[in-house]
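# Notes for the structure review
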Amino acid sequence: MHKKLFIPGPVEVKDDVLKMMAKPMIGHRTKEASKLQRDISEKLMKLFYTENQIILSTTSGSGLMESAIRSCTRKRAAVFAVGAFGKRWYEMAIANNVPADLYEVEWGTPTTKESVDEVLATGKYDVVTVTHNETSTGVMNPVDEIGEVVKKYPDVVFLVDAVSSAGGAKIEVDKCGIDVCITSTQKALGLPPGLAICTASEKAIEAARQVEHRGFYLDLVKLYDTIKKKDHQYPSTPSLSHMFALDYKLDKILEEGLDNRFNRHAEMAKYVRNWANEYFELLPDERYASNTLTNIKNTREISVGELNKALGERGFMISNGYGKLKEKTFRIAHMADTTLEEVKELLENIEDILKL
Ligand SMILES: *Cc1c(COP(=O)(O)O)cnc(C)c1O
């Protein structure tokens, strides 16, 4: 039996989108391939509220995170982590011999504009990384407020991980001054895993040009320049199947309407938070709770593993707590094309299994 996924990626993918992955191939150096990338870019620019260049990479989201921190850091990166994915930027920096410092807070709390201001005021950094939506804790950071602070430091390149929120929550890239905003296909966009997406400002690319060793496959400048010089093509062969599906899916997203889509996510999140507050507790500070997934404290000390097994027999799947939070919390994703009705059905099944 197929289990309906309520995990924070991969998510359920609609049949019509899956079918687009099976389209016959085209040459990747053809006019058709250029048009495909151009069309995708125009639609993604709307989704990200940006005039910046869109870059795709045939990796998962982590590929462009590594690309961005390695390519853009000339001096030193300040990494703000509110959970496991925030910390991943730091691990990437260290693995690439990129100088970086990690600023971590207690899991469940956000990155504040004050903390970013204080750290950038030292003048030590020319890159700052922030997680928009921390999937390990269910915290959604105020990137608009943080962006206002980063704007005070014109040399600092602002990198944002929006892997588990882009397409499910509004992120106004240009207004927030985000230089590189990264996401993956398998989360709130509702596609299979395998493609990463980012926006790239000229400022980010100019900074990267000053960095001598940017790697090869994930060199942000090479990706950017190839798109510009070769009419929207890529240095290597991209996953055209994903691009067919993404192009199609973006039409569906724009047909739904971005505001409608964000409101649907907000409505599902509110419902799950209320449910969590009634039967359990929320892990994050509710003012910063995510609209794409809810992280719930296991205050009843249930076996999350057993719950998921019982849910599996009924055709559902949720997530255990991430890393050190395993069995201490559980996570319900409500992203991409999930509806409030489906969320209600899931929660009724949980109530039934746990006899709440
Ligand atoms: C899933 C996730 C990632 C990693 O993305 P991949 O596409 O699996 O590489 C990074 N950051 C956040 C916040 C995520 O949720």
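Residues numbered from 1 in each chain as written. Predicted model: local features only at pLDDT ≥ 70, side-chain atom pairs only at ≥ 80, totals over all residues. Heavy atoms only, no water.

Turning our attention to the site of the ligand. Neighbouring residues of the ligand: 14 residues in total, closest Ser 60, Ser 62, Thr 135, Asp 161 and Lys 187. A distance of 2.6 Å is found between an oxygen atom of the ligand and a side-chain nitrogen or oxygen belonging to Ser 62. One of the side-chain N or O atoms of Gln 186 is found 2.9 Å from an oxygen atom in the ligand. Within the complex, 91% of the 370 Å² of free accessible area of the ligand lies under protein. (Near = heavy atom within 4 Å. Polar contact = N/O pair within 3.5 Å; in protein donor to acceptor, adjacent residues only side chain to side chain. Areas by Shrake-Rupley, 256 points an atom, 1.4 Å probe, with all protein chains shown as cover.)

A few words now on the nonpolar core. In this structure, Leu 44 and Leu 56 are the most contacted members of the largest nonpolar core, which totals 80 residues. In contact with Leu 44, not counting residues within four places along its chain, are Ile 54, Leu 56, Ile 197, Leu 246 and Leu 250. Grouped together as the second largest cluster of nonpolar side chains are 23 residues, Ala 276, Phe 280, Ile 302 and Leu 346 included. (Core = buried A, V, L, I, M, F, W, Y, C linked by side-chain atoms within 4.5 Å. Buried < 20%, exposed > 50% of the residue type's maximum accessible area, 1.4 Å probe, protein only. Contact = heavy atoms within 4.5 Å.)

On to the UniProt feature "modified residue: N6-(pyridoxal phosphate)lysine" (unreviewed entry) in the chain, then. Mapped onto this structure's residue numbering, the UniProt feature "modified residue: N6-(pyridoxal phosphate)lysine" (unreviewed entry) falls at Lys 187. You can see Lys 187 is positioned in the loop between β9 (180–184) and β10 (196–200). Dropping the residues within four chain positions of it, Lys 187 is found in contact with Pro 8, Gly 9, Val 11, Val 163, Ser 164, Met 335 and Ala 336. (UniProt positions renumbered as here; feature names shortened; annotations may be inferred. Helix = DSSP H or I, 4+ residues; strand = E, 2+ residues; numbered from the N terminus.)

Okay, the UniProt feature "binding site: substrate" (unreviewed entry) in the chain next. Annotation from UniProt places "binding site: substrate" (unreviewed entry) at Arg 331. Those residues in contact with Arg 331, other than ones at most four positions away along the chain, are Phe 6, Pro 8, Thr 135, Ser 136, Leu 293, Thr 294, Asn 295, Ile 318, Ser 319, Asn 320, Gly 321 and Tyr 322. Side-chain polar atoms of Arg 331 contact the backbone oxygen of Thr 135, separated by 2.8 Å.

Turning next to the sheet that holds strand β8 (residues 157–161). The strand order β2-β10-β9-β8-β5-β3-β4 describes an open sheet built from seven strands, whose pairing is mixed. Only two strands of the sheet have a single neighbouring strand rather than two, namely β2 (53–57) and β4 (100–104). The sheet shows a mean angle of 20° between the axes of neighbouring strands, taken without regard to direction. Contacting β3 (77–81), β4 and β5 (127–131), helix α5 (residues 113–120) crosses the sheet at an angle of about 160° to β3. (Pairing = 2+ DSSP bridges. Axes fitted to C-alpha atoms, helices over the stretch in contact; angles between N-to-C directions.)

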